[in-house]
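Secondary and tertiary structure notes
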Amino acid sequence: MTAEELFKIIENFDLSLLDNSEFQEDAVREEIVNPIIKGLGYSSNKPNQIIRSRKLPHPWVYIGSKQKKIYIIPDFILEVNGKPVWILDAKSPSEAIIKSSNVEQAYSYAVHRDVRVNFFALCNGREFALYDTREANPILHFPIKEISQYWKSLKKILSPENMVSDK
């Protein structure tokens, strides 16, 4: 998907849908997040692969001396050549993606022992926030309707080509 195609999808998206109580996280994933990820150069196929809802075992949950199997499940793990490079978690339009427990949740995915990536992002359909695990505040934050103004910066950080050199 070209940047122009992505911008057209976002520009033609009826933002008033975000105020509809039936437009939830799954709709944000399908209508907004998927086009962004594909626009960045990822697909269902290798080498730049989108992994959806991978179960990650939580390594330290015990009840007494018995380990309890608990999983955390990020919406998207983005991989290049079979290695995770960043994660993205979609949220419903009513959920905060700055200074909220949602940020902590996404951070826990990024630092998980089976993932260990520097970057994680959240998108609630209204806005997009990109974090570096080494920083407390987002390194990039913008309203979705302004994605064309931030696209170069987003691509510079998250495109598969740049992720390979970052790793």
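Shown above is the structure to which this text applies.
The residue count restarts for each chain, going from 1 along the sequence in the order it is written. Thresholds applied to this predicted model are a pLDDT of at least 70 for local features of residues and 80 or more for the giving and counting of side-chain atom pairs; totals over whole chains, interfaces and linings are not thresholded and use all residues. Excluded from the side-chain calculation are hydrogens and water; included are all heavy atoms of the structure.

Digging into the environment of proline 74
Tracing the sequence through the fold places proline 74 in the loop between strand 5 (71-72) and strand 6 (76-80). When the C-alpha atoms of proline 74 and lysine 55 are compared, they prove to be 7.7 Å apart, with 19 residues separating the residues in sequence. The way it works is that DSSP assigns letters per residue, a run of H or I at least four long becomes a helix, a run of E at least two long becomes a strand, and they are numbered from the N terminus.

Some details on the side chain of glutamate 79
Positionally, glutamate 79 belongs in strand 6. Among the polar contacts made by the side chain of glutamate 79, one reaches the side chain of arginine 54 at a distance of 3.0 Å. Contacts were defined at the residue level, with two residues in contact if any of their heavy atoms lie within 4.5 Å. Excluding residues within four positions of it along the chain, glutamate 79 makes contact with Tyr42, Pro47, Asn48, Gln49, Ile51, Arg54, Pro84 and Val85. A 3.5 Å cut-off defines polar contacts: any pair of N or O atoms within that distance qualifies, except that in protein one atom must be a possible hydrogen donor and the other a possible acceptor, and neighbouring residues in sequence count only when both atoms are side-chain atoms.

Details of the side chain of serine 159
As for its position among the elements, serine 159 is in the loop between helix 4 (147-158) and helix 5 (160-166). Under the relative-accessibility criterion, serine 159 is labelled buried at 3%. Filtering out sequence-adjacent residues up to four positions away, serine 159 remains in contact with Leu40, Tyr42 and Leu154. Exposure categories follow from relative accessible area, calculated using a 1.4 Å probe and restricted to protein chains: below 20% of the type maximum is buried, above 50% is exposed, and the middle band is partly exposed.

A word on the sheet that holds strand 1 (residues 48-52)
A pair of strands counts as paired when DSSP detects no fewer than two bridges linking them. Spatially, the 6 strands line up as an open sheet ordered 1-6-7-8-9-10, and their pairing is mixed. Two strands close off the open sheet at either side, each with one partner strand: strand 1 and strand 10 (140-143). Strand-to-strand twist of the sheet, defined as the mean angle between neighbouring strand axes without regard to direction, takes the value 20°. Sheet analysis places strand 8 (residues 119-123) next to strand 9 (residues 127-132), joined by 5 bridges and oriented antiparallel. Residue pairing in the sheet places phenylalanine 119 in a bridge with aspartate 132 of strand 9. Working convention: axes come from line fits to C-alpha atoms, limited for helices to the stretch in contact. Angles between N-to-C directions cover 0 to 180 degrees. Each of strand 7 (83-90), strand 8 and strand 9 is contacted by helix 3 (residues 101-110), which is oriented at about 145° to strand 8, the strand it contacts most. Strand contacts of helix 4: strand 7, strand 8, strand 9 and strand 10, with the helix running at about 150° to strand 10, the strand carrying the most contacts.

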